[in-house]
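Results of the structural survey
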Amino acid sequence: MNLASQDPEVFAIIEREKKRQKEGLEMIPSENYASAAALEAAGSILNDKYAEGYPGRRYYSGNVHIDEVERLAQARALKAFNAEGYHVNVQPYSGSPANLAVYLGLLKPGDTIMSLRLDQGGHLTHGSPVNASGKLFNFVFYPLDAEKEVLDYDAIQKLAEKTKPQLILSGFTAYPRKVDFEKMALIARSIGAISMADISHISGLVIGGAHPSPFPSTDVVTTTTHKTLRGPRGALIFCKEELREKIDKAVFPGMQGGPHEHTIAGIAVTLGEALRPEFKDYAAQIVKNASILAATLIKEGLKLVSGGTETHLMLIDLRPFGPGRGVFVAKALEAAEINTNFTTVPNDPSVPFYPSGIRLGTPALTTRGMKEKEMVVIGTWIAEVVKAFATTPLPDEKEKRAQAVRDFEKTLEGHETVKKIRERVKALATKFPVPGIDA
Ligand code: DSN
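In what follows, the accompanying structure is described. (Residues numbered from 1 in each chain as written. Predicted model: local features only at pLDDT ≥ 70, side-chain atom pairs only at ≥ 80, totals over all residues. Heavy atoms only, no water.)

Before going further, it helps to examine the overall build of the chain. For the chain, the count of helices and strands is 17 helices and 15 strands. Whereas a compact globule of 439 residues would reach a radius of gyration of roughly 22 Å, the chain reaches 22 Å, a difference of no more than 12%. Seen along its three principal axes, the alpha-carbon backbone of the chain occupies a region of about 65 × 60 × 45 Å. Relative to its 439 residues, the chain shows a buried fraction of 56%. Expressed as a percentage of contacts within the chain between residues at least 6 apart in sequence, the contacts between residues at least 24 apart total 74%. Counting every atom, the chain has about 18900 Å² of accessible surface; 54% of that belongs to carbon and sulfur. Side-chain charges in the chain split into 53 positive and 52 negative, and the spacing between the mean points of these groups amounts to 2 Å. (Helix = DSSP H or I, 4+ residues; strand = E, 2+ residues; numbered from the N terminus. Rg over C-alpha atoms; globule rule 2.2 N^0.38 Å. Buried < 20%, exposed > 50% of the residue type's maximum accessible area, 1.4 Å probe, protein only. Contact = heavy atoms within 4.5 Å. Areas by Shrake-Rupley, 256 points an atom, 1.4 Å probe, with all protein chains shown as cover. Lys, Arg positive; Asp, Glu negative; His and termini not counted. Charge placed at Lys NZ, Arg CZ, Asp CG, Glu CD.)

Next up, the structure:
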């Protein structure tokens, strides 16, 4: 029996989500659309098999085809990333367990890890005090250059010499500039530390040649598989051969039980797609689109962190309107069916829950086939919404803030600007197919 007849309730929810995806613009830079073929593999009967262990060394019988699929995913991953001399573990359920597996596999609790400040573009799993990484390890953070809002490699080198971390982490979640992975690896090597790059956001750009690669300079590389790589939700850990045993043991049995082989099959399909020549065009177009979108926002008078972008994402700095305006702008954009997320900007004068920035990017729109022309139009709409709503002040009193946001949301319902932009968004978005729905 199919889903529609067996469970119309769940079916209807999925149908509503399809409509939302088709009629809106997805500009959260970590989101994308997996292909219909990747979703088919990820939704396949491979779901039903237990396969604890690794190919050829399983704790359950009946894994002959599971071994085939996992080995295929590994081979394609190494080829796609041109990661000769590396081992890859394709089992992590997602980015957070992948990063934790690396820390637990290669370090002892209490060891020192150096990473980018979380409010300047780092990630929850890069040492946030509320995350297991921050609870178990001693993180020291490097800031961005205060003026240019970009990485300052000399300052990172000095901090590394002073704090002597066992591992230095690069690769970020809200950083719009290219990362010099070779330089980061050299800094790590100079103090005898392990170099690690979390390239979750940019892995599609790396494969497509639109961002410098962390291979072969970096000891350990992690990535999720669903961002610019546009596959099912999972993660990969690449490590130099000599670290293989420690990494594999850290994933299983250290962190996880049975691997999700249906997801791994979907990831294999995605990596197969990434190996095709047209993936290069896709990666280049993401960056081209981002640069046109950024130029449009700047032309409209908005300020961007670091003055622009060299990747798939950018951060609108709303400080010129006042502190803590991100939530209002993100809600107004959402009401107009443009999805972004509010985020901190470097040295944000507001609190993390009500930050002063908006993070947005082009991977998903590029997958739908949008190009420079659409970016100019969308950039103009975004700027109009920002200018209309970033003027809303965030109350100074902590206890009044949630109510202020609720009141603000009510004003969006019949707002003329929101209505106008939403209609335009829908007319544009429905012209472009969503893979997995239309393909
Ligand atoms: N949630 C992802 C992002 O949006 O960047 C990172 O985990």
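What follows is about the sheet that holds strand S15 (residues 357-361). Within a sheet, neighbouring strands are paired by backbone hydrogen bonds and run either parallel or antiparallel to one another. Within the open sheet, the four strands sit side by side as S11-S12-S15-S14. Their pairing is antiparallel. Both outer strands of the open sheet, strand S11 (303-304) and strand S14 (341-343), are each paired with one neighbouring strand and no more. Bridge analysis of strand S12 (residues 313-317) against S15 gives five bridges, and the strand direction is antiparallel. Looking at S15, one finds that Leu-313 is bridged to Gly-361. Seen against the sheet, helix H13 (residues 326-335) touches S14 and S15 and runs at an angle of roughly 40 degrees to S15. (Pairing = 2+ DSSP bridges. Axes fitted to C-alpha atoms, helices over the stretch in contact; angles between N-to-C directions.)

Before going further, it helps to examine the packing of aromatic side chains. One pass over the full model with this rule turns up 15 aromatic pairs. Plain terms: the ring middles of Phe-81 and Phe-238 are 5.0 Å apart, the flat faces sit at 65 degrees to each other, and that makes the pair edge-to-face. Within this pair, whereas Phe-81 is found in the loop between helix H4 (64-80) and strand S4 (86-89), its partner Phe-238 is found in strand S10 (residues 235-240), the two being separated by 157 residues in sequence. Overall, the relative accessible area of 0% leaves Phe-238 in the buried class. (Phe/Tyr/Trp six-rings, centres within 6.5 Å; stacked < 30°, edge-to-face > 60°.)

With respect to burial, S12 is a largely interior element, five of its five residues being buried. Every second residue of S12 is oriented toward a common face, with Leu-313, Leu-315 and Asp-317 on one face and Met-314 and Ile-316 on the other, all of them buried. Relative to S12, S11 runs antiparallel, the two being bridged by two bridges. Opposite Leu-304, over in S12, you have Ile-316 as the bridge partner.

One pass over the full model with this rule turns up 21 salt bridges. Its salt-bridge partner being Glu-15, residue Lys-18 comes within 3.0 Å of it at the nearest N-O pair. Here the residue Lys-18 and the residue Glu-15 both occupy positions in helix H2 (residues 8-23), the gap between them amounting to three residues, near one helical turn. The exposure class assigned to Lys-18 is partly exposed, which follows from its relative accessible area of 29%. In this structure, Glu-300 and Lys-387 form a salt bridge, with 3.3 Å as the shortest nitrogen-oxygen distance. Note that Glu-300 is positioned in the loop between helix H12 (278-299) and S11 and Lys-387 in helix H15 (residues 372-389), a separation of 87 residues in sequence. You can call Glu-300 partly exposed: its relative accessible area is 28%. A single network of salt bridges, built from pairs that share partners, joins Arg-58, Asp-67, Glu-70 and Glu-261. (Salt bridge = Lys/Arg side-chain N within 4 Å of Asp/Glu carboxyl O.)

What follows is about the side chain of Thr-224. The topology assignment puts Thr-224 in strand S9 (residues 220-224). Polar contacts involving the side chain of Thr-224 include one to the side chain of Lys-227, which spans 3.0 Å. When residues no more than four places from it in sequence are discounted, the contact partners of Thr-224 are Ser-94, Gly-95, Ser-200, Ser-203, Leu-229, Gly-234 and Ala-235. (Polar contact = N/O pair within 3.5 Å; in protein donor to acceptor, adjacent residues only side chain to side chain.)

This part takes up the nonpolar core. Within the largest apolar cluster, 48 residues are counted, with the highest numbers of intra-cluster contacts made by Phe-81, Leu-151 and Phe-238. Residues contacting Phe-238, with those up to four places away along its chain left out, are Ala-77, Leu-78, Phe-81, Ala-83, Tyr-86, His-87, Val-88, Phe-215, Asp-219, Val-220, Val-221 and Thr-223. Grouped together as the second largest cluster of nonpolar side chains are 43 residues, Leu-318, Leu-365, Trp-381 and Leu-412 included. (Core = buried A, V, L, I, M, F, W, Y, C linked by side-chain atoms within 4.5 Å.)

Take the packing of H4 against helix H11 (residues 261-274) next. One can describe the packing of H4 onto H11 by two numbers: an axis separation of 9 Å at closest approach and a directional angle of 35 degrees. When you trace H4 past H11, the crossing you get is left-handed. Taking contact as the criterion, the partners of Ile-66, Val-69, Glu-70, Ala-73, Arg-76, Ala-77 and Ala-80 in H4 are, on H11, Glu-261, Ile-264, Ala-265, Ala-268, Val-269, Leu-271 and Gly-272. Of the residues that constitute the contact of H4 with H11, the class distribution is ten nonpolar, one polar and three charged. (Left-handed = near helix turned anticlockwise from the far one by under 90°. Nonpolar A, V, L, I, M, F, W, Y, C, P; charged D, E, K, R; others polar.)

We now examine the sheet that holds S9. What the seven strands build is an open sheet, ordered S4-S10-S9-S8-S7-S5-S6; its pairing is mixed. Each edge of the sheet is formed by a strand with only one pairing partner; in this case those strands are S4 and strand S6 (138-142). Taken over all neighbouring pairs, the strand axes of this sheet differ in orientation by 20 degrees on average, direction set aside. Alignment of S9 against S10, held across five bridges, turns out to be antiparallel. When the sheet's bridge partners are listed, Thr-223 is paired in S10 with Leu-236. Here helix H7 (residues 153-163) sits on the sheet and contacts strand S5 (112-116), S6 and strand S7 (167-170); the angle it forms with S5, its principal contact strand, is near 165 degrees. Sheet strands touched by helix H8 (residues 181-190): S6, S7 and strand S8 (194-198). Its angle to S7, the strand with the most contacts, is close to 170 degrees.

This part is about the site of the ligand. Neighbouring the ligand are Ser-30, His-123, Thr-173, His-201, Lys-227 and Arg-359. The separation between an oxygen atom of the ligand and a polar side-chain atom of Ser-30 is 2.7 Å. His-123 is positioned with one of its side-chain polar atoms (N or O) 2.7 Å from an oxygen atom of the ligand. The fraction of the free accessible surface of the ligand (230 Å²) that becomes covered by protein chains is 63%. When grouped by side-chain class, the residues that make up the shell around the ligand number no nonpolar, four polar and two charged. (Near = heavy atom within 4 Å.)

In short, shape yes, function no, at least from these values alone.
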